[in-house]
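A closer look at the structure
Chain by chain, the residues:
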Amino acid sequence: MTPEQLEALIASRRSSLLMDANAPIDDSIIDRIVQSAQWAPNHKRTWPLRIAVLRGESRRALGTTISDAMAAYGDDEAKVLKARTKYMRSPVVLVVTSAVGHSDSETEENRYAVAAGIQNMLLMTESFGLSALWGSPAKGTNDAVTNLCSMNATDHVLGIIYVGWPTQPVPAVERPPVNVTYL
């Protein structure tokens, strides 16, 4: 791949929920997407990445789990109701978490590594012609989500990623120039 091809891939990536919720995605594609995350930089090789792949009715279980936790947290009823079904908008949902470190500093570095891994997954998703959207969990739902996904209670949910085949293209968004200082 040339630098120009990589730049084009990066620039073409979009966040979008304009996807077919019922069109299946082959397991081999999902495996390649999630494996790409492990290639992100990881200081001290702590390997903090944890991923749950949700399909079928497990997406509905995620919605129920999150909406119940939101209700217990006191969230607005309209938001709680929306959360019950919103994970059915894509055929695959990836719950991505970061393991806790042995110190606050290591925990923070672990989260950076997992965030870089999520970007790898988003780029890999784009390379397959798929659509993706990186969402964040509602406040107060982390424990319920990690429990549902059979993860450690100390894991921190960094993303809930919708993945599916796009139903229409998404136009590029104007981006400001990067604020760079050369010293």
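Placed above this text is the structure.
Residues numbered from 1 in each chain as written. Predicted model: local features only at pLDDT ≥ 70, side-chain atom pairs only at ≥ 80, totals over all residues. Heavy atoms only, no water.

Bringing the packing of helix H1 (residues 3–12) against helix H5 (residues 104–127) into the picture now. Where H1 contacts H5, the axes come no closer than 9 Å and their chain directions differ by 100°. The pairing of H1 with H5 is recorded here as roughly perpendicular in orientation. Along its contact with H1, which presents Leu 9, Ile 10 and Ser 12, the element H5 presents Leu 123, Glu 126 and Ser 127. Taken together, the residues of the contact of H1 with H5 sort by class into three nonpolar, two polar and one charged. (Axes fitted to C-alpha atoms, helices over the stretch in contact; angles between N-to-C directions. Helix = DSSP H or I, 4+ residues; strand = E, 2+ residues; numbered from the N terminus. Parallel < 35°, antiparallel > 145°, perpendicular 65-115°, else oblique. Contact = heavy atoms within 4.5 Å. Nonpolar A, V, L, I, M, F, W, Y, C, P; charged D, E, K, R; others polar.)

Let's shift gears to the nonpolar core. By size, the foremost hydrophobic cluster in this structure holds 19 residues, and its most contacted members are Leu 94, Val 96, Ile 118, Met 121 and Ile 161. Sorting the residues of this core by element identifies helix H2 (27–37), strand S3 (92–98), H5 and strand S5 (156–166) as the ones contributing at least two each. Counting residues per element, this core draws most heavily on H2, at five residues. Setting aside chain neighbours within four positions, we find Leu 94 in contact with Ile 33, Val 34, Ile 51, Ala 52, Val 53, Met 121, Gly 159, Ile 160, Ile 161 and Val 163. The next biggest cluster of nonpolar side chains, apart from the first, holds 17 residues, and it includes Leu 62, Ile 66, Val 95 and Val 145. (Core = buried A, V, L, I, M, F, W, Y, C linked by side-chain atoms within 4.5 Å. Buried < 20%, exposed > 50% of the residue type's maximum accessible area, 1.4 Å probe, protein only.)

Turning next to the environment of Thr 125. Along the chain, Thr 125 turns up in helix H5. Taking the C-alpha atoms as reference, Thr 125 lies 8.6 Å from Ile 30; in sequence the two are 95 residues apart. If we skip the residues at most four places from it in the chain, Thr 125 touches Ile 33, Leu 130, Ser 131, Ala 132 and Val 163.

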